[in-house]
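Observations on the three-dimensional arrangement
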Amino acid sequence: MADKAEKECCSFEQVLSEELTEVESSRKSRLAGAAELFENTDEGSPSVEKAGPCQRARDMKLAGLAFSGGGIRSATFNLGVLQGLARVGLLRRFDYLSTVSGGGYIGSWLSAWIKQVGSLATVNEELLCDRESGTDYREPDPINFLRKYSNYLTPKLGVFSADTWALIAVYLRNLTLNLLIIAAFFLAVFLVPRLAVWYAGALTSPANGPANFLFFRALWCLGIAVFFISLNQSYWSVKRRFLADKVDYPWYARQGNVLLFVALPIMLSALFGGLWLWHGTTHQPYLNYRHAACFLALVIITWLMGTFAAYLHANVKRSEETTRGGKLKSAAKETLVMVGELLQESIRPRSSW
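Description of the structure in this document. (Residues numbered from 1 in each chain as written. Predicted model: local features only at pLDDT ≥ 70, side-chain atom pairs only at ≥ 80, totals over all residues. Heavy atoms only, no water.)

A few words on the nonpolar core. Counting 16 residues, the largest nonpolar core has Leu 82, Leu 91, Ile 106, Trp 109 and Leu 127 as its most contacted members. Breaking this core down by element, the ones donating at least two residues are strand S1 (64-67), helix H5 (71-87), helix H6 (102-117), helix H7 (120-128) and helix H8 (141-148). The biggest single contributor to this core is H5, with five residues. Excluding residues that lie within four positions of it along the chain, Leu 82 makes contacts with Leu 65, Phe 67, Leu 91, Ile 106, Trp 109, Leu 110 and Leu 127. One finds Ala 218, Leu 219, Cys 221 and Leu 275 within the second-largest nonpolar core, a separate group that totals twelve residues. (Core = buried A, V, L, I, M, F, W, Y, C linked by side-chain atoms within 4.5 Å. Buried < 20%, exposed > 50% of the residue type's maximum accessible area, 1.4 Å probe, protein only. Helix = DSSP H or I, 4+ residues; strand = E, 2+ residues; numbered from the N terminus. Contact = heavy atoms within 4.5 Å.)

Between H5 and H6, the least distance of the axes is 7 Å, while the angle of their chain directions is 45°. Classed by the angle they form, the pair H5 and H6 counts as oblique. Once H5 is placed against H6, the crossing between them reads as right-handed. In this structure, H5 uses Gly 71, Ile 72, Ser 74, Ala 75, Asn 78, Leu 79 and Leu 82 to contact H6, whose residues at the interface are Gly 102, Gly 103, Tyr 105, Ile 106, Trp 109 and Leu 110. (Axes fitted to C-alpha atoms, helices over the stretch in contact; angles between N-to-C directions. Parallel < 35°, antiparallel > 145°, perpendicular 65-115°, else oblique. Left-handed = near helix turned anticlockwise from the far one by under 90°.)

A few words now on unusual backbone geometry. Residues other than glycine seldom take positive phi values, yet Lys 61 does so here, at roughly 55°. Relative to the elements of secondary structure, Lys 61 occurs in the loop between helix H4 (53-59) and S1. Its relative accessible area of 54% is what places Lys 61 among the exposed residues.

With that settled, consider the packing of H6 against H7. Packing of H6 against H7 brings their axes to within 8 Å, and their N-to-C directions diverge by 120°. With respect to H7, the axis of H6 lies oblique. Seen along the crossing, H6 lies across H7 with a hand that is right-handed. Where H6 abuts H7, its residues Trp 109, Leu 110, Trp 113, Ile 114 and Val 117 lie against Leu 120, Thr 122, Val 123, Glu 126 and Leu 127. Residue composition of the contact of H6 with H7, by class: eight nonpolar, one polar and one charged. (Nonpolar A, V, L, I, M, F, W, Y, C, P; charged D, E, K, R; others polar.)

Quick look at the structure:
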């Protein structure tokens with residue numbers, strides 16, 4: 001079954017070749033004696049016969065007419081375009097018609113008219129007709145029909161017509177549905193502060209555990225942020241010292257990961273720290289020198305860990321042939337050097353601002 005389907009399938013070249021044959025046949029009926037202006041003068045030569053359908057399409061100088069969208073306004077505008085092209089004799093020279101939305105409205109009308117009369121030349125002559133002052137003029141029936149029914153939303157006009165009231169009902173229905181969606185969205189936004197207050201009360205409640213649990217949450221989030229800050233800063237410091245290396249962006253230096261591992265933990269640390277301080281002021285004072293010591297120890301340890309990891313990563317990138325022990329030793333040495341340089345940079349007096 002699959003072999004039979006493969007045999008029945010046509011290649012792109014075969015489809016394009018048959019399409020070009022149809023275009024040539026259409027040109028003979030559309031252009032009459034002017035069809036040779038678009039034909040290749042070398043047709044029948046060995047070079048042309050050997051050329052593929054793509055080269056044949058280029059030699060035929062194909063032309064297409066495209067109508068954009070825009071509702072009834074686009075259809076009205078494109079009707080004038082069709083009349084203008086017919087007036088200058090260019091309408092019959094197009095091989096393809098492409099439409100979308102409102103352009104499809106006028107495009108399908110034109111295709112149906114050509115199909116009905118059986119000739120583009122007849123349609124071209126009808127489009128050439130125009131109003132003349134002092135004479136009785138009657139537009140062709142297809143154009144008159146198009147103008148008569150262009151008000152397709154309310155074909156029957158009048159305050160008491162069924163179409164007018166149906167349009168009003170549809171408008172009110174859609175407006176109400178959209179307003180309900182927008183109102184529900186803003187109500188959900190307004191509920192966020194109330195949910196935050198409820199969550200803060202649940203976290204700081206004595207029944208949910210000791211207040212130090214919030215403090216350790218804040219430290220844990222802060223440690224993650226400090227580690228990745230040190231990792232990024234130290235890694236780029238290494239790269240600046242070894243300019244010969246190829247500069248690449250590790251995964252932790254990309255914007256999305258910086259937001260995830262630096263910005264978000266800092267925000268959560270501030271949230272948990274604030275809740276912990278709030279709990280301490282409403283119940284009993286918890287802030288003392290031990291908490292400050294834990295905070296400083298965490299920052300120093302995570303900063304050194306990030307610096308060490310950065311030098312280890314940079315060392316692996318620069319010398320993959322060294323042993324694992326040599327990598328660790330080199331990374332530890334570079335870490336201490338880096339910490340010294342940062343301290344020296346921080347206490348160095350500024351000569352000018």
